[in-house]
Amino acid sequence: MSENDNIEETKDKFLVLHFIECKMYEEIEKELEITREDIRKLFNENKKIKKSIKRYKSLLNRTFKKLYNLYKYSLLHKEWRENDNIKEMNQTLKNAISEEKFKDFVAKYLKNKNAFRDNLTTNYKADYTEMKYIRKRNKIMKDIKHKDFLTSFKKYFNEEIFPLESFITKYGMDDYDRQCKYCKITESTITKLVKNGEINTKRIYSRGRTMEIDQKEPNGGYTKDNIALACYWCNNAKTDEFNKKEFKKIGKAIRKVWERRLEETEKNKKIKK
Ligand SMILES: [Zn+2]
């Protein structure tokens, strides 16, 4: 590759980055007149936002899954718990589903924090107290997947729920040293602790090295105002039980443990010297 090619490529990447900040897919496609496949390639090749894109995709998919499940659930007949004809209920559900109605549902769900949303999620959660209802619910809703719904949902998610650009602003470029909202540990400190053998979890091969996305209000959804960066340990302990305010106190205690471990690391270094 010649130097000129390199410059051109860098320019392209820069353009794409710039567009992510202010516009989205459709416009990039129109403005640059390159195929969506090419845009995707550029996104993936550009290591600087690779982590952001990966996290964003995961939030999008998780949000879709949750909303789609709730949508299906909202269509179940009120007496489904007493009805034993699973096949029939499954068929009725299949017939009732439509993409338009799903879109309406999502809009209604996101805009309403009142009775509609609360009732639905409360009932949905109530099933968790009895395993037999969970099994039954899964059976009724089984085999009803709509990947095509996801395609239009992506656009909606980016425009209405959580724009990619605001996610990148919060998550930062790949080389940014992210910090946990609760225990205040940074990714560079985690790396240091790993190096010194001060981390115990066996999950560190797949989780722990980078900050995860926490929902400040559990079950409040992955929206731009409801996310915080949290380390694996805080995120895992916070679960969907504690809210931001409650967990801050726990985070402070975790911080003390990290500080002690760091002190140990420093002491050991001095002894070795
Ligand atoms: Zn933490």
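As the structure is a prediction and not an experimental result, all values here were calculated from the model.

A. The overall build of the protein, seen in detail. A count of helices and strands for the protein gives 13 helices and 2 strands. Relative to its full complement of 273 residues, the protein shows a buried share of 38%. Here the contacts in the protein between residues at least 6 apart in sequence split such that 69% fall between residues at least 24 apart. Put simply, the protein shows about 17,500 Å² of open surface, and 50% of that area lies on carbon and sulfur atoms.

B. Layout of a positive patch on the surface. A cluster of basic residues, Lys184, Lys245, Lys248, Lys249, Lys252, Lys256 and Arg260, forms a positive patch on the protein surface. Residue position: Lys245 is located in helix 13 (residues 244-272).

C. The coordination of the zinc ion, seen in detail. At this site the zinc ion is bound by Cys180 (SG), Cys183 (SG), Cys231 (SG) and Cys234 (SG), with donor distances of 2.3 to 2.4 Å. Each of the 4 donor atoms around the zinc ion contributes to a set of angles spanning 105 to 115°, which defines the coordination as tetrahedral. Along the chain, the residues donating to the zinc ion fall in the pattern C-x2-C-x47-C-x2-C. One end of the pair, Cys183, is in the loop between helix 10 (164-171) and helix 11 (187-195); the other, Cys234, is in helix 12 (residues 232-238), with 51 residues separating them in the sequence.

D. Looking closely at the nonpolar core. One finds Phe153, Cys180 and Ile185 to be the most contacted residues of the largest nonpolar core, which totals 58 residues. In terms of residue count, the dominant contributor to this core is helix 4 (residues 50-75) (10 residues). Each of two domains, domain 2 (59-152) and domain 3 (187-272), supplies a minimum of three residues to this core. Leave out the neighbours within four places in its chain, and Phe153 touches Leu60, Thr63, Phe64, Leu67, Phe102, Val106 and Ile161.

E. Fine view of unusual backbone geometry. Not every positive phi belongs to a glycine, and Asp143 is a case in point at roughly 60°. Mapped onto the elements, Asp143 comes out in the loop between helix 8 (131-141) and helix 9 (147-161). For Lys184, which is not glycine, the phi torsion reads 70° and is therefore positive. With respect to the element layout, Lys184 can be found in the loop between helix 10 and helix 11. Judged by relative accessible area, Lys184 falls into the partly exposed class, the value being 38%.

F. Main features of the environment of Thr63. Within the element layout of this structure, Thr63 appears in helix 4. For the pair Thr63 and Thr223, spaced 160 residues apart in sequence, the C-alpha to C-alpha distance is 9.4 Å. With sequence-adjacent residues up to four places away left out, Thr63 is seen in contact with Phe153, Phe157 and Tyr222.

The rules behind each value
- Residues numbered from 1 in each chain as written.
- Predicted model: local features only at pLDDT ≥ 70, side-chain atom pairs only at ≥ 80, totals over all residues.
- Heavy atoms only, no water.
- Helix = DSSP H or I, 4+ residues; strand = E, 2+ residues; numbered from the N terminus.
- Buried < 20%, exposed > 50% of the residue type's maximum accessible area, 1.4 Å probe, protein only.
- Contact = heavy atoms within 4.5 Å.
- Areas by Shrake-Rupley, 256 points an atom, 1.4 Å probe, with all protein chains shown as cover.
- Patch = residues over 30% accessible without salt bridge, like charges linked within 9 Å, V, L, I, M, F, W, Y side chains within 5 Å.
- Salt bridge = Lys/Arg side-chain N within 4 Å of Asp/Glu carboxyl O.
- Lys, Arg positive; Asp, Glu negative; His and termini not counted.
- Charge placed at Lys NZ, Arg CZ, Asp CG, Glu CD.
- Donors = N, O, S within 2.8 Å, 3.2 Å for Na, K, Ca; no water.
- Tetrahedral: all angles 85-135°; square planar, octahedral: opposite > 155°, others 65-115°.
- Core = buried A, V, L, I, M, F, W, Y, C linked by side-chain atoms within 4.5 Å.
- Domains from an automatic or database assignment.

Taken by themselves, the reported measurements are silent on function.
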